[in-house]
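Inside the fold
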Amino acid sequence: MFFTTRTIAAAAAFFAASSVSAERIGKRCTGTISSLSDVSAAVACTTININPFTVTAGQTFDLELASGTTVNVLGDVTFGVSNWAGPLFQIAGTGVTFNGNGYTFNGQGASYWDGEGGNGGVTKPKFMKIKSSGVFKAPAGDAANSKSGGDPAGHNTDGFDVSASNLVIQNSVVMNQDDCLAINKGSNITFQNNKCSGGHGISIGSISSSVTVSSIKILNNAVSDSDNCLRIKMDADATSSTVSDVTYTGNTCSTIHKYGVLIDQSYPDTLGTPGTGVILSNVAFTSGNTVSVDSGADEVDVNCGSGACTGTWNWSGLTTTGGDAGKINYSGITGYPNSGTVTTAKTTTTTTKT
């Protein structure tokens, strides 16, 4: 599935991507959707036109599409406000083309933002569940509102939560207070040409038990005004998990407040006592990655458990400036100025998951 819209906007909570459903054969016809009552008939066709309409509050706009379907958005779609789990929009299918044509899917996210996110406050629905790949523009609340007590209103608003394989996310804008991307499991995932601001940067993890993550490409993204830029976070108590073949190319990080590159096996602590149940291998910075952090922030920290980081990692394509060098406790890194020398990671612990 591939989305060509750039204005699916105003997420209430976050996006989730999961595995693709079984392939379904459709008819060569054109279905039109102007309300939820039109959906069941329209999805039998391999061409679907979506007219402007408002989705009833508390209901999912669910497209279970036939293989090879083309979807054309012909106007803005607005989702009614209700405090429920969601998702507001769900789409599944194989070989699907989604033409947004510059129109907006408006989840009215600001109606839910209260500065609490998933930690409390009102129930906030997930915006989208996508059983394949997507291209989105997804602003969240990086300003305060009347409900948030002066704090940024869109707390806990991950841009993309991914538990899927064979996925491409590109040309997106995410402004939030949590991860721009969080890959929890899956393989053959590419995150490219995206812009992230105000949050916790681009993350793999947190990685829990019995999880496999492999063949991840983080390409040509820009992260600014964020706590972290590029991060791999692994649960300290995780067991029987692997993360392998992670490649960073052409990423630019600026105004990073805490950690430029953070690889940490002590989550939810930060640079605490690392676990050994996630085997991490082949993390590469191939070319053109520039990371600029604030004064007092760490440029690079690597906190591996004993024997849990393996192989040789080529970091010749990473340049960092602006802050403290940080601490690297794994000797298998080559090509980076502070690599190859094991130092003791400083202890900075927290129990708040970020």
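Residues numbered from 1 in each chain as written. Predicted model: local features only at pLDDT ≥ 70, side-chain atom pairs only at ≥ 80, totals over all residues. Heavy atoms only, no water.

For the protein chain, the count of helices and strands is 1 helix and 31 strands. Taken across its 354 residues, the protein chain has 52% of its residues classed as buried. Of all intrachain contacts in the protein chain linking residues separated by at least 6 positions in sequence, the fraction that spans at least 24 positions is 71%. Total accessible area on the protein chain is roughly 13300 Å²; 47% of this is exposed by carbon and sulfur atoms. (Helix = DSSP H or I, 4+ residues; strand = E, 2+ residues; numbered from the N terminus. Buried < 20%, exposed > 50% of the residue type's maximum accessible area, 1.4 Å probe, protein only. Contact = heavy atoms within 4.5 Å. Areas by Shrake-Rupley, 256 points an atom, 1.4 Å probe, with all protein chains shown as cover.)

This structure, assessed with the given rule, holds 14 aromatic pairs. A ring pair is formed by Phe-53 and Phe-61, whose centres lie 5.4 Å apart and whose planes are at 75°; its orientation type is edge-to-face. Centroid distance Phe-160 to Phe-191: 6.4 Å. Interplanar angle 70°. Geometry classified as edge-to-face. On the criterion of sequence distance, the pair formed by Phe-160 in strand β15 (residues 160–163) and Phe-191 in strand β18 (residues 181–192) is long-range, its members being 31 residues apart. (Phe/Tyr/Trp six-rings, centres within 6.5 Å; stacked < 30°, edge-to-face > 60°.)

By secondary structure assignment, the location of Pro-52 is in the loop between β5 (45–50) and β6 (53–55). Between the C-alpha atom of Pro-52 and that of Ile-33, which follows or precedes it by 19 residues, the distance is 8.7 Å. Not counting residues up to four positions away in its chain, the partners in contact with Pro-52 are Leu-74, Gly-75 and Asp-76.

Okay, the state of the cysteines next. Under the counting rule described, the total for this entry stands at 4 disulfides. For Cys-180, the disulfide goes to Cys-196, at an S-S distance of 2.1 Å. Classification of the bridge connecting Cys-180 and Cys-196 rests on its S-S torsion, roughly -60°, and on that basis the disulfide is left-handed. With Cys-180 in the loop between β17 (173–175) and β18 and Cys-196 in strand β19 (residues 195–197), this residue pair connects regions lying 16 residues apart in the sequence. The class for Cys-180 is buried, based on a relative accessible area of 1%. Across the disulfide from Cys-229 sits Cys-253; the S-S distance is 1.8 Å. On the sign convention where negative means left-handed, the S-S torsion of about -55° between Cys-229 and Cys-253 marks this disulfide as left-handed. Here Cys-253 lies in strand β24 (residues 252–267) and Cys-229 lies in strand β22 (residues 222–235), a separation of 24 residues in the sequence. (Disulfide = S-S within 2.5 Å.)

On to the pattern of salt bridges. Tallying each qualifying case throughout the model produces 3 salt bridges. The closest approach of N and O atoms between Lys-258 and Asp-227, which form a salt bridge, is 3.8 Å. Taken together, the positions of Lys-258 in strand β24 and Asp-227 in strand β22 put the pair 31 residues apart, joining distant regions of the chain. Taking relative accessible area as the criterion, Lys-258 reaches 45% and is therefore assigned partly exposed. (Salt bridge = Lys/Arg side-chain N within 4 Å of Asp/Glu carboxyl O.)

With that settled, consider the confidence of the model for the protein chain. Across the protein chain, pLDDT averages 84, with 80% of residues at or above 70. Below pLDDT 50 for its whole length, residues 1–14 participates in 80 contacts with residues either more than four positions away or in separate chains. Across residues 133–141 the pLDDT falls below 50, and counting only partners more than four positions away or on other chains, this stretch makes 51 contacts in the model. (pLDDT = per-residue confidence, 0-100.)

In terms of nonpolar packing, the biggest core is built from 50 residues, with Ile-204, Trp-313 and Trp-315 touching the most fellow members. It is β22 that contributes the most residues to this core, 5 residues altogether. Counting 25 residues, the second-largest nonpolar core is a separate cluster that includes Val-43, Val-55, Phe-105 and Phe-127. (Core = buried A, V, L, I, M, F, W, Y, C linked by side-chain atoms within 4.5 Å.)

Another point: the pairing of strand β8 (residues 70–73). Taken together, the 4 bridges between β5 and β8 define a ladder with parallel strand orientation. Across the sheet, residue Ile-48 finds its bridge partner in β8, namely Val-71. Pairing analysis gives 3 bridges linking β8 to strand β11 (residues 97–99), with the strands arranged parallel. When the sheet's bridge partners are listed, Asn-72 is paired in β11 with Asn-99. (Pairing = 2+ DSSP bridges.)

The next subject is the environment of Asp-269. Here Asp-269 shows up in the loop between β24 and β25 (278–287). Sequence separation between Asp-269 and Lys-233 is 36 residues, and the spatial gap between their C-alpha atoms is 9.7 Å.

So, about the side chain of Asn-49. Relative to the helices and strands, Asn-49 resides in strand β5. With relative accessibility at 19%, the residue Asn-49 sits in the buried group. Those residues within four positions of Asn-49 in sequence are excluded, and the remaining contacts are Thr-30, Gly-31, Thr-32, Ile-33, Asn-72 and Leu-74.

Classification of Phe-160 as buried rests on a relative accessible area of 3%. When the C-alpha atoms of Phe-160 and Cys-180 are compared, they prove to be 6.3 Å apart, with 20 residues separating the residues in sequence.

With omega at 10°, the peptide bond leading from Gly-86 into Pro-87 counts as cis. Along the chain, Pro-87 falls in the loop between β9 (77–79) and β10 (89–92). A cis geometry characterises the amide bond from Tyr-267 onward to Pro-268, with omega recorded as 15°. Relative to the elements of secondary structure, Pro-268 occurs in the loop between β24 and β25. In this structure, Asp-225 is a non-glycine residue whose phi angle is positive, near 45°. Turning to its location among the elements, Asp-225 is positioned in strand β22.

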